[in-house]
Each structure stands twice: as C-alpha cells, then as structure tokens.
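For reference, the chains in residue letters:
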Amino acid sequence: MTELLKTPLYDLHIELGAKMVPFAGYAMPVQFSLGVMKEHLHTRQKAGLFDVSHMGQVIIKCEDYAAAAVALEALVPVNILGLGEGRQRYGMLTHDAGGILDDLMIANRGDHLFVVVNAACKAQDIALMKGSIGNDCVSEFTDRALLALQGPASEFVLADLNADVRDMRFMDVATLTLNGVDCDVARAGYTGEDGFEISVPAGAATDLARRLLDHPDVEPIGLGARDSLRLEAGLCLYGHDISTDTTPVEAGLDWAIQKVRRKGGAREGGFPGADVILNELTEGAARHRVGLRPEGRAPMREGVELFDRPEGQSPIGRITSGGFGPTVGGPVAMGYVAKPFDQAGTQVFGELRGKRLPLTVTPLPFTPANFKR
C-alpha cells in the first residue's frame with residue numbers, strides 16, 4: 001500500500017486533534033473538535049481555515065503572457081488572453097469528446113499564469129500541459145502550501161496581517177506580505193462565502209496558520225464541512241458532479257465559456273471537444289445538472305437513481321452529490337436529469353432502500369453567494 005503524502009500542515013492538524021482520512025493520496029483532516037456541523041455553521045457565520053495544500057499549484061511561463069495564454073487556450077474553452085492582470089478565472093480542461101478532464105482556477109500574474117488544479121488530477125494535468133505547451137514552460141510549485149480562509153469575517157481577520165486585502169474584490173489576485181512572508185493571495189474560495197486562498201512557502205505555512213487561528217473568529221475546518229459548504233453553494237466536486245463523462249454545458253458551466261471562444265467569436269473553438277461543446281451551447285444538451293431537495297429529513301447521496309414517477313421503470317437521472325445542508329436545515333443534493341425534467345419545481349423520485357421517495361428540482365445555489373463584488 002502506498003504511503004499517504006502529508007501537507008506542510010500535517011503536524012499542526014495532529015496537534016489540533018484532527019480526524020485524518022485518506023484523500024487524493026494525502027492524509028487530510030476530515031473534521032476537528034467542533035465536528036462537521038458546527039464547522040460548517042462557523043464558516044457561514046465567521047471564518048474557517050482550510051488546508052488545501054494537496055491541490056496542484058502550476059506555473060505556465062513562456063516568452064510573454066500572451067504566448068502562455070494562447071498556449072493554454074488550446075486546452076480550455078476559456079478566454080485567457082483577455083484576462084486582466086491580477087485577475088483569475090474558472091476554467092476546465094476538456095477532451096476530444098467534450099468531457100471534462102479537470103476544473104481549475106487560472107490567474108494572470110503579469111508575466112506568467114498561475115493555475116490551481118485538483119489533487120487527484122494534478123499529475124495528468126501537468127503531463128497534459130507539458131505535452132501541449134512544452135516542458136520548459138510548465139512547472140509545479142512543490143514547496144508551497146495552500147490555505148483557504150473562508151467566511152464573512154475573513155476580510156477582517158486577514159486585514160490584521162495586511163490592510164491591502166480590503167481593496168481586493170472577488171477573483172482579484174495579488175502578492176501580499178502576510179506574517180512577514182510574501183504570499184500569492186486570491187480573493188476566492190469554494191464555499192460560496194467571501195474569502196481568500198493563500199499560496200505560502202511551505203516553511204512558513206504553519207506559522208501563518210497559527211497566526212490566523214489565534215484570531216477568535218477563526219476555527220480549523222476539515223474536508224467534511226468543506227463538502228457540505230460547496231454542496232449548499234451549488235459548486236461541483238470533480239469526479240462526482242463533473243467528470244470525463246460530462247460536458248460543460250450538461251454541468252451548467254456554460255457561463256465559464258466566454259463569447260470570444262464561442263461560435264462567431266474572434267477565437268472560436270480551438271480547444272478539445274469544441275465541436276461537441278459549441279453545438280450544445282447553441283442546440284442544448286440532453287441532460288442537465290440540477291439542484292434537488294428531498295422531502296423529509298433523510299439525505300439522498302451519490303448514486304441514487306432518479307425516476308419520473310414512483311412506478312417508473314427507466315431512470316431519468318442520478319444523484320452525484322447529496323447530504324444534509326446545515327445552513328438550509330435539511331437534505332440537499334445535485335444530480336443530472338434528462339430534459340424536460342430539469343425545470344425548477346419538477347417532482348422526481350429517488351430509489352432509496354427499496355422505496356421511491358420524492359424530490360423537487362430546485363435552482364442552484366441552495367444558499368446565496370456572499371462574494372465581495
């Protein structure tokens with residue numbers, strides 16, 4: 001059995017009494033002393049500190065920014081060339097059939113691109129980028145940690161270390177000195193709350209984390225609450241809600257494909273699966289990702305098949321993420337359903353323990369976003 005990797009914050013997690021679990025090849029904290037429910041609610045009300053150092057941090061640097069942007073545009077259906085300096089954008093790597101290889105965050109850092117990719121996909125992503133863009137242009141940060149400070153109090157907490165964070169808006173990226181160390185800071189996250197993601201040298205990560213945790217509004221948060229927070233926010237988890245078998249249009253991620261990359265745009269297509277994806281953008285997809293609210297208190301989780309009626313024989317969809325939403329106060333789920341069952345208010349039925357139980361198709365997100373625009 002392969003030994004699990006450890007993030008730079010591993011010893012701190014143990015010290016704080018974290019329950020550790022295997023995740024994407026790493027030993028990661030699933031919860032701390034508060035427990036998942038209280039960690040979730042604390043993040044919504046104040047600020048939570050997450051260790052996301054298992055994610056891949058990638059630098060793409062060519063002769064200039066334009067060359068790096070054009071090279072990456074050959075792999076993603078996103079406008080990278082038009083991304084402003086000090087700004088970042090959500091995107092996805094696609095394959096020739098239009099499916100999603102990974103989703104990622106892409107930042108313009110002036111003379112290079114900074115890309116954050118999912119932990120389970122980073123080896124294949126980096127190999128794909130190097131094969132397409134060139135070995136000399138693509139490198140991975142292996143000596144950095146990545147922290148996420150999320151919640152409505154996050155600006156006030158981080159401003160104690162550097163007041164410049166107050167001037168940042170959602171999706172801004174800047175190099176700021178925090179606790180005496182230069183860090184790359186993005187005003188973003190994956191909880192639906194205002195917050196920041198902080199790339200910090202590995203050797204300084206624990207001291208920075210301790211400094212943030214010293215604030216009375218900050219608690220350490222594990223993967224359990226991270227999952228329920230992103231589910232309430234209607235955000236996809238790669239390998240579950242999106243995968244090589246889902247297209248961006250099916251997944252409801254068409255908002256991430258800018259006009260310049262669509263039919264009639266100045267840089268139309270040119271990415272893997274463009275024919276499939278561009279056709280779905282104009283003609284529609286046969287199924288869509290939707291929010292689902294099960295009746296009652298019992299959550300319906302990933303893998304539950306969906307039917308159009310209690311006695312239906314053929315499934316019309318499947319749940320890809322589900323659980324209890326602490327902020328919502330009841331079970332929530334996401335999944336894919338065939339047209340025309342994707343309309344809000346439609347009732348469908350989930351197969352659970354031999355019974356067909358009702359769910360209602362619901363607009364996403366379940367909890368309104370709280371970003372600083």
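Above this text you will find the structure in question.
Residues numbered from 1 in each chain as written. Predicted model: local features only at pLDDT ≥ 70, side-chain atom pairs only at ≥ 80, totals over all residues. Heavy atoms only, no water.

**Observations concerning the sheet that holds strand E4 (residues 56–60)**
Pairing within the open sheet is antiparallel, and its 5 strands lie in the order E5-E6-E7-E4-E8. Here the strands that pair on one side only, and so sit at the sheet edges, are strand E5 (88–94) and strand E8 (138–140). Strand-to-strand, the axes of this sheet are offset by a mean angle of 30 degrees, without reference to chain direction. In the sheet, E5 pairs with strand E6 (residues 100–108) via 7 bridges, with the strands oriented antiparallel. Paired with leucine 93 across the strands is aspartate 102, a residue of E6. (Pairing = 2+ DSSP bridges. Helix = DSSP H or I, 4+ residues; strand = E, 2+ residues; numbered from the N terminus. Axes fitted to C-alpha atoms, helices over the stretch in contact; angles between N-to-C directions.)

**As for the pairing of strand E11 (residues 181–186)**
One ladder, built from 6 bridges, connects strand E10 (residues 173–178) with E11; its direction is antiparallel. The residue of E11 that forms the bridge with threonine 175 is aspartate 184. In textbook terms, the turn of a hairpin is the stretch between consecutive antiparallel strands, and for E10 and E11 this stretch comprises 2 residues, one of which, asparagine 179, has a positive phi near 55 degrees. Note: E11 against strand E12 (residues 195–201), 3 bridges, orientation antiparallel. Looking at E12, one finds that aspartate 184 is bridged to serine 199.

**Some thoughts on helix H2 (residues 36–45)**
Glu39, His40, His42, Thr43 and Arg44 are the residues of H2 that are buried. Among the structural elements, strand E2 (26–31), strand E3 (47–51), strand E9 (144–150), strand E13 (218–220) and helix H7 (223–232) are those in contact with the buried residues of H2. (Buried < 20%, exposed > 50% of the residue type's maximum accessible area, 1.4 Å probe, protein only. Contact = heavy atoms within 4.5 Å.)

**Structural notes on the environment of leucine 104**
Position of leucine 104 relative to the elements: it lies in strand E6. Assessed through its relative accessible area of 2%, leucine 104 is described here as buried. Residues leucine 104 and arginine 89, spaced 15 residues apart in sequence, show a C-alpha to C-alpha distance of 8.6 Å. Ignoring anything within four residues of it in the chain, the contact list for leucine 104 reads Arg89, Tyr90, Gly91, Met92, Leu93, Val115, Val116, Val117 and Met129.

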